[in-house]
Amino acid sequence: ATFLQAVNALFFSLRFKVGRFLMPIHLVGLNKIGKGAHFSAPIMKRAWKDLMKILITGGTGSLGKTVTRLLKDNHTICIFSRNESRQAEFPYDTEKAVGDVRDFDRIDYVMKRFRPDWVFHFASNKRIPEMEWYPDEAVKTNILGSQNLCRAADKHNIERCIFTSTDKACQPVN
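If you're wondering where the values come from, they're calculated on a predicted model, not measured in any experiment.

Draft legend 1. Representation of the pattern of salt bridges. One pass over the full model with this rule turns up six salt bridges. When the shortest N-O distance is used, the salt bridge between R82 and D100 registers 3.2 Å. Highlighted residues: R82 in the loop between β5 (76-81) and α4 (84-88) and D100 in the loop between β6 (95-98) and α5 (104-114), separated in sequence by 18 residues. We note a salt bridge from K140 to E137, for which the minimum N-O separation is 3.2 Å. Residue K140 and its partner E137 are located together in helix α7 (residues 135-155), separated by three residues, close to a single helical turn. Overall, K140 belongs to the partly exposed group, its relative accessible area being 35%. Ionic contacts of the salt-bridge type, sharing partners, join the residues R102, E137 and K140 into one network.

Draft legend 2. Region of the structure containing the environment of K112. Structurally, the position occupied by K112 is in helix α5. Spatially, the C-alpha atom of K112 lies 9.1 Å from that of A152, the residues being 40 residues apart in sequence.

Draft legend 3. Focus on the pairing of strand β4 (residues 53-57). Among the five residues in β4, four count as buried, and that is most of the element. With five bridges connecting them, β4 and β5 associate as parallel partners. Following the sheet pairing, T57 is matched in β5 by F80. Pairing analysis gives four bridges linking β4 to strand β7 (residues 118-121), with the strands arranged parallel. Opposite T57, over in β7, you have H121 as the bridge partner.

Criteria and cut-off values
- Numbering of residues starts from 1 in each chain and follows the order in which that chain's sequence is written.
- With pLDDT at 70 or above as the cut-off, local features in this predicted model cover only qualifying residues; side-chain atom pairs require 80 or more to be listed or tallied, and sums for whole chains, interfaces and linings still use all residues.
- Computation of side-chain values: all heavy atoms of the structure, hydrogens and water removed.
- Put simply, a salt bridge is a Lys or Arg side-chain nitrogen that is within 4 Å of an Asp or Glu carboxyl oxygen.
- Each helix is a run of DSSP H or I of at least 4 residues and each strand a run of E of at least 2, with the numbering of both proceeding from the N terminus.
- Burial here depends on accessible area, computed with a 1.4 Å probe over protein chains only, as a share of the maximum for the residue type. Under 20% is buried, over 50% is exposed, and the range in between is partly exposed.
- One requirement defines pairing of two strands: DSSP has to find at least two bridges between them.

Below, the structure written as structure tokens:
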């Protein structure tokens, strides 16, 4: 599939869910990354009140760790990442699942086993200069991987799927 076909397939398959299901991270009010980070938006009030099961893709990255730190005391967290080394060194007590968003069957299995209420989707190829040399790999992870995740979330009736495009697209700080 070409890049344009992949983008069209993603948005066509998700168009009826935007707002109810798929939300960009800025709408939930994540303020700052790292120390001092907190949620400010009303959508997160439920997250603070009720115990939920939350699946975080790309959970071993900087944004995934920050969100895990903010939510770990009140919720059950499962980190989904292809980096088993970083999972082994992960500083918080969470459930862990090794896998790649490119693999629909693996995501489907993890959602069936863990049964999350919400999904935070942070898995991506982030560094634009490197991905310009391998655009097919960026499409596989960032577009088709996101589509896999959303298909699995829809199949398992996940209440909310929150995503971010990347925190490192241009002029990364780390």
